[in-house]
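# Structural features, examined
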Amino acid sequence: MEFGRLKQLVLKGNFKLPVMGNILSALTIAKELINGTLTLVLDSTLSSIPSAEGYILSVAGTKAVITAKGPAGLFYGCQSLEQLLEDARDYKKPVPLCTITDYPVLSYRAVHFDVKHHLDHMNYYYESIDRLARYKINAVVFEFEDKLRYQRQPIVAAPQAISIDEMAALTRYARDRNIEITPLVQGLGHATFILKHPQYASLRELPWNKWAFCPLHEGTYQVLFDLYRDAIDATPGSKYLHIGGDEIGNIGLCPRCKPTADKEGMLSLSLNWLKKVCAFAKENGRIPIFWDDMPLKEAGVYESTYSDDVTAIAAAKSWQEGTPKLDSLLKEFPANCVYMRWNYTMARQPGNILALEWYKSRRLQSMIATATNAGGGLLFQEDERDKGMAASGVLSIRSFIQLAAEKNIDGMLCTAWDDASPHMENYWQGFIAAAEYSWFPTGRTPEEYDAAWLQKEFGIAMPGYVKLNSQLRAGSLLWYEAFFKNGSRIDGENALQGLSQVEHWLPPLDGHEKKQVDCAALLIDLPNLNSPGIWSLQYKDRLKKSQLEVAHYPALLKQITSLYNSSTKNRYHWQLALAMYELQMTAPRLLLALKEIDISYKVDRAKAIFKAQNAIINFKQAWHSLQQVYAQTRFIANPSNYVPDRYFHFASQREDLSWMVQPEEKYHAMIEKWMQDK
Ligand SMILES: [Zn+2]
């Protein structure tokens with residue numbers, strides 16, 4: 001069927017017209033079935049499709065019919081037909097005569113919007129809903145943190161927070177596109193956004209530690225329930241409430257909790273919190289979702305779920321010992337809760353599978369969480385296909401979803417953590433892969449997925465995308481490490497602003513948070529002009545990598561530019577890629593300029609200094625451009641009256657993006673001072 005042949009729309013059954021794309025929404029509603037008609041049929045008795053979100057689309061002659069059991073199926077059928085028609089228009093090829101039977105394997109298909117350390121513009125969220133709907137994602141877990149304008153506990157709301165009405169409007173917009181917004185409000189731990197305010201200090205488990213609430217303090221529940229109530233008001237009609245609950249640590253220590261922890265154990269103490277919040281969710285008509293690590297940790301089986309070092313035999317032994325502990329408290333595990341099993345590296349770690357089996361055999365509902373970025377990368381994201389691994393990127397997402405399908409687990413969440421706050425666009429390849437595989441877990445190979453992704457997202461064909469990403473990623477790694485004696489700018493110990501050392505995994509020692517870092521001591525020295533060549537020898541490895549980066553630059557720049565120019569859709573993706581690439585290239589250029597100083601300063605002082613100055617100017621331009629590209633979709637600074645929330649997450653170090661380039665700030669200052677002194 002040629003593009004343009006469909007003219008009218010006939011509805012059969014009692015339903016609201018689904019939201020449609022530009023092409024289908026231009027059809028005129030009619031009554032009679034003539035040529036050029038799209039017919040939408042709602043047939044609740046349809047038995048050939050197992051899901052109300054499924055549909056049958058048939059294209060024959062100049063007619064098309066979409067049949068579904070439920071309105072969501074009609075919506076998705078229209079999305080598919082719209083995209084076939086877009087291709088027919090763009091590639092000037094007819095839509096093939098076909099019958100497509102399509103339905104999702106997982107019924108909860110969520111992605112994660114985490115706004116801990118940044119906020120995007122509201123229109124970005126609307127556009128994201130449209131984009132997710134095209135790929136048939138049906139939920140967004142929106143981790144509000146302090147970016148919801150809470151009414152009942154207004155102190156918690158950041159000055160730039162989204163109002164409850166704005167979020168409710170987004171929720172309704174999303175629902176019309178078959179997407180539920182599931183609010184996530186962190187509770188017992190991960191609570192610095194609440195407990196940083198002195199007004200809540202009395203609710204902290206340890207007076208100096210803003211991470212965790214006291215689970216036995218009544219006030220904890222007054223505050224949390226108020227936040228939940230506002231989150232529920234902000235997401236009218238949603239089914240779930242994600243209550244967080246991970247990585248709590250440092251509880252069972254206050255005078256109120258210690259006796260219980262000593263007598264009944266930590267597992268009992270944290271289940272006490274879980275029971276209360278799950279009961280609240282039930283009373284308020286929501287199904288709670290809970291990150292499941294704490295009970296597993298307290299039963300001693302957690303390590304087996306994620307660590308490569310635990311063999312299958314060791315995992316089985318660990319579960320043999322841990323299962324009686326979990327079983328003895330089985331009655332305390334709320335039955336209405338969804339236990340979100342999270343592990344972002346290897347789906348088939350033996351302990352991970354044992355955990356899923358424990359839930360199933362105890363009739364507790366579990367879902368799986370995977371990640372489009374768990375590695376904390378700021379620029380180009382990790383995709384370990386080039387190393388033959390499934391621990392990060394599309395392969396990892398695919399393997400978790402395949403596991404869920406095999407185990408009859410009915411939901412998945414593709415997380416996208418904001419700890420290092422990369423631009424959201426970096427997450428979309430993974431989001432779309434999560435959509436793809438939760439409809440058809442064993443469908444496309446990763447290579448076929450890439451081809452489909454490039455075609456749908458950008459309208460291009462490009463074999464070898466993995467190689468390009470891997471080359472760009474190598475440049476990001478060099479940028480992370482370039483100026484540090486050891487490790488990189490995303491290692492905790494290299495944070496330059498003396499991040500408060502209140503990581504939940506540290507022993508709870510008073511005073512840790514006051515530890516200051518000697519920034520200058522972390523960065524590499526400058527060349528010693530009295531001994532030319534020593535510096536270059538000392539840093540020869542990173543200089544060699546720098547030379548390679550500079551050598552690859554013309555070809556890679558040309559490649560990204562050509563992708564930008566040839567894409568017919570989402571050119572922003574490549575605009576961002578160009579800006580990230582230019583920024584990361586500034587590190588090798590500066591290192592090579594320093595090498596020049598190291599070797600030729602005595603011979604040609606003016607030239608050497610000029611190169612270093614130029615490298616610094618080059619950085620300033622690249623940094624400015626990157627911020628401008630970011631600013632197209634997100635706010636790049638917190639308002640001046642934002643209450644800082646400093647902890648071990650990197651993006652919590654500053655109120656603007658400059659935490660990303662703190663090493664440059666310090667190192668350039670060292671260079672400028674050094675040049676003045678010469
Ligand atoms: Zn306590």
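Above this text you will find the structure in question.
It should be emphasised that the depicted structure is a prediction, and the values quoted were computed from it without experimental measurement. (Residues numbered from 1 in each chain as written. Predicted model: local features only at pLDDT ≥ 70, side-chain atom pairs only at ≥ 80, totals over all residues. Heavy atoms only, no water.)

Each helix and strand counted, the chain has 21 helices and 18 strands in total. Its C-alpha atoms give the chain a radius of gyration of 27 Å, near enough to 26 Å, the size a compact globule of 678 residues would have. For the C-alpha atoms alone, the extent of the chain along its principal axes is close to 90 × 70 × 50 Å. For the chain, the proportion of its 678 residues judged to be buried stands at 59%. Within the chain, contacts between residues separated by at least 24 positions form 76% of all contacts whose residues are at least 6 apart in sequence. For the chain, the exposed area adds up to about 27200 Å²; of that, 54% sits on carbon and sulfur atoms. Put simply, the chain has 74 plus and 75 minus side-chain charges, and the middle of one group is 3 Å from the middle of the other. (Helix = DSSP H or I, 4+ residues; strand = E, 2+ residues; numbered from the N terminus. Rg over C-alpha atoms; globule rule 2.2 N^0.38 Å. Buried < 20%, exposed > 50% of the residue type's maximum accessible area, 1.4 Å probe, protein only. Contact = heavy atoms within 4.5 Å. Areas by Shrake-Rupley, 256 points an atom, 1.4 Å probe, with all protein chains shown as cover. Lys, Arg positive; Asp, Glu negative; His and termini not counted. Charge placed at Lys NZ, Arg CZ, Asp CG, Glu CD.)

Let's shift gears to the coordination of the zinc ion. Coordination of the zinc ion by the protein involves Glu205 (OE), Cys214 (SG), Cys254 (SG) and Cys257 (SG), with metal-donor separations of 2.1 to 2.3 Å. Every donor counted, the four donor atoms about the zinc ion form angles of 103 to 117° at the centre, which fits tetrahedral coordination. Read in sequence order, the donor residues coordinating the zinc ion give the pattern E-x8-C-x39-C-x2-C. You can see cysteine 214 sitting in the loop between β12 (209-213) and α5 (218-234) and its partner cysteine 257 sitting in the loop between β13 (240-242) and α6 (258-264), a full 43 residues away along the chain. Residue cysteine 214 shares its accessibility class with cysteine 257, and that shared class is buried. (Donors = N, O, S within 2.8 Å, 3.2 Å for Na, K, Ca; no water. Tetrahedral: all angles 85-135°; square planar, octahedral: opposite > 155°, others 65-115°.)

With that out of the way, let us pick up unusual backbone geometry. Phi at lysine 136 is positive, roughly 70°, even though this residue is not glycine. The residue lysine 136 is located in the loop between α2 (122-134) and β9 (139-143) in this model. By relative accessible area, which is 9% here, lysine 136 ends up buried. Look at arginine 363: it is not a glycine, yet its phi comes out positive at around 60°. With respect to the secondary-structure elements, arginine 363 resides in the loop between α11 (350-361) and β16 (365-373). A relative accessible area of 76% places arginine 363 in the exposed class.

Tallied over the full model, the rule gives 34 salt bridges. Residues arginine 341 and aspartate 292 are paired through a salt bridge, measuring 2.7 Å at the closest nitrogen-oxygen approach. Note that arginine 341 is positioned in strand β15 (residues 338-342) and aspartate 292 in the loop between β14 (287-291) and α8 (293-298), a separation of 49 residues in sequence. Here arginine 341 falls in the buried class, since its relative accessible area comes to 2%. When its relative accessible area of 0% is taken as the criterion, aspartate 292 is described as buried. A salt bridge links glutamate 665 to arginine 654; the nearest nitrogen and oxygen atoms lie 3.0 Å apart. Taken as a pair, glutamate 665 in helix α21 (residues 662-677) and arginine 654 in the loop between β18 (634-635) and α21 lie far apart in primary sequence, eleven residues in all. A relative accessible area of 37% places glutamate 665 in the partly exposed class. (Salt bridge = Lys/Arg side-chain N within 4 Å of Asp/Glu carboxyl O.)

This part is about the packing of helix α3 (residues 164-175) against α5. Where α3 meets α5, the axes come as close as 7 Å, and the angle between the chain directions of the two elements is 45°. Taken together, the axes of α3 and α5 lie oblique to each other. The segment α3 lies against α5, with Ile164, Met167, Ala168 and Thr171 engaging Asp230, Asp233 and Ala234. Class assignment of the residues belonging to the contact of α3 with α5 gives a composition of four nonpolar, one polar and two charged. (Axes fitted to C-alpha atoms, helices over the stretch in contact; angles between N-to-C directions. Parallel < 35°, antiparallel > 145°, perpendicular 65-115°, else oblique. Nonpolar A, V, L, I, M, F, W, Y, C, P; charged D, E, K, R; others polar.)

A few words now on the sheet that holds strand β4 (residues 55-60). An order of β2-β1-β3-β5-β4-β6 is seen for the six strands of this open sheet, with the pairing classed as mixed. Two strands close off the open sheet at either side, each with one partner strand: β2 (28-29) and β6 (98-102). As paired elements, strand β3 (residues 37-42) and strand β5 (residues 63-68) share five bridges and run parallel to each other. Following the sheet pairing, threonine 39 is matched in β5 by valine 65. (Pairing = 2+ DSSP bridges.)

Next up on the list: the nonpolar core. Of all hydrophobic cores here, the largest spans 221 residues; its most connected members are Phe142 and Met660. Broken down by element, the residue count for this core peaks at 17 residues, all from helix α19 (residues 572-600). If we skip the residues at most four places from it in the chain, phenylalanine 142 touches Phe113, Val115, Tyr125, Ile162, Met167, Leu170, Ile181, Thr182, Pro183 and Leu184. (Core = buried A, V, L, I, M, F, W, Y, C linked by side-chain atoms within 4.5 Å.)

Now for the side chain of serine 652. The residue serine 652 is located in the loop between β18 and α21 in this model. Judged by relative accessible area, serine 652 falls into the buried class, the value being 5%.

Right, let's get into the environment of proline 422. Relative to the helices and strands, proline 422 resides in the loop between β17 (411-416) and α13 (428-439). With 234 residues separating them along the chain, proline 422 and aspartate 656 place their C-alpha atoms 13 Å apart. Not counting the four nearest positions on each side in its chain, proline 422 is found in contact with Asn373, Gly377, Leu378, Gln381, Trp417, Tyr427, Tyr630 and Arg634.

The interhelical angle for the contact between helix α15 (residues 465-481) and α19, taken along N-to-C directions, is 40°, at an axis separation of 8 Å. Classified by the interaxial angle, the pair formed by α15 and α19 is oblique. In terms of crossing hand, the pair formed by α15 and α19 is left-handed. Across the interface between the two elements, Tyr465, Leu472, Gly475, Ser476, Leu478 and Trp479 of α15 pack against Trp574, Tyr581, Leu583, Gln584, Ala587 and Pro588 of α19. Split by residue class, the contact of α15 with α19 holds nine nonpolar, three polar and no charged. (Left-handed = near helix turned anticlockwise from the far one by under 90°.)

Attention now goes to the state of the cysteines. For the structure shown, the criterion picks out zero disulfides. This cysteine, cysteine 337, is not joined by any disulfide, and cysteine 278 carries the nearest cysteine sulfur, 4.0 Å off. The exposure class assigned to cysteine 337 is buried, which follows from its relative accessible area of 1%. (Disulfide = S-S within 2.5 Å.)

Turning our attention to the pairing of β4. When β4 meets β5, the two strands line up antiparallel, connected through six bridges. Looking across to β5, one finds that leucine 57 is bridged to isoleucine 66. Here β4 folds back onto β5, and the loop between the two strands holds two residues, one of which, glycine 61, carries a positive phi near 60°.

We now examine the packing of aromatic side chains. By convention here, two paired aromatic rings are described through the distance between centres and the angle between planes. Taken as a whole, this structure holds 39 aromatic pairs when the rule is applied. Ring centres of phenylalanine 142 and phenylalanine 144 lie 5.3 Å apart, and the angle between their planes is 35°; this geometry places the pair in the tilted category. Owing to a relative accessible area of 1%, phenylalanine 142 belongs among the buried residues under this scheme. For the pair tryptophan 428 and phenylalanine 431, a centre-to-centre distance of 5.4 Å together with 80° between the ring planes defines the contact as edge-to-face. Pair noted here: tryptophan 428 and phenylalanine 431 are both in helix α13, with a separation of three residues, about one helical turn. Here tryptophan 428 and phenylalanine 431 have matching classes, each one buried. One aromatic cluster is present, formed by Phe113, Tyr124, Tyr125, Phe142, Phe144, Tyr427, Trp428 and Phe431 through successive ring pairs. (Phe/Tyr/Trp six-rings, centres within 6.5 Å; stacked < 30°, edge-to-face > 60°.)

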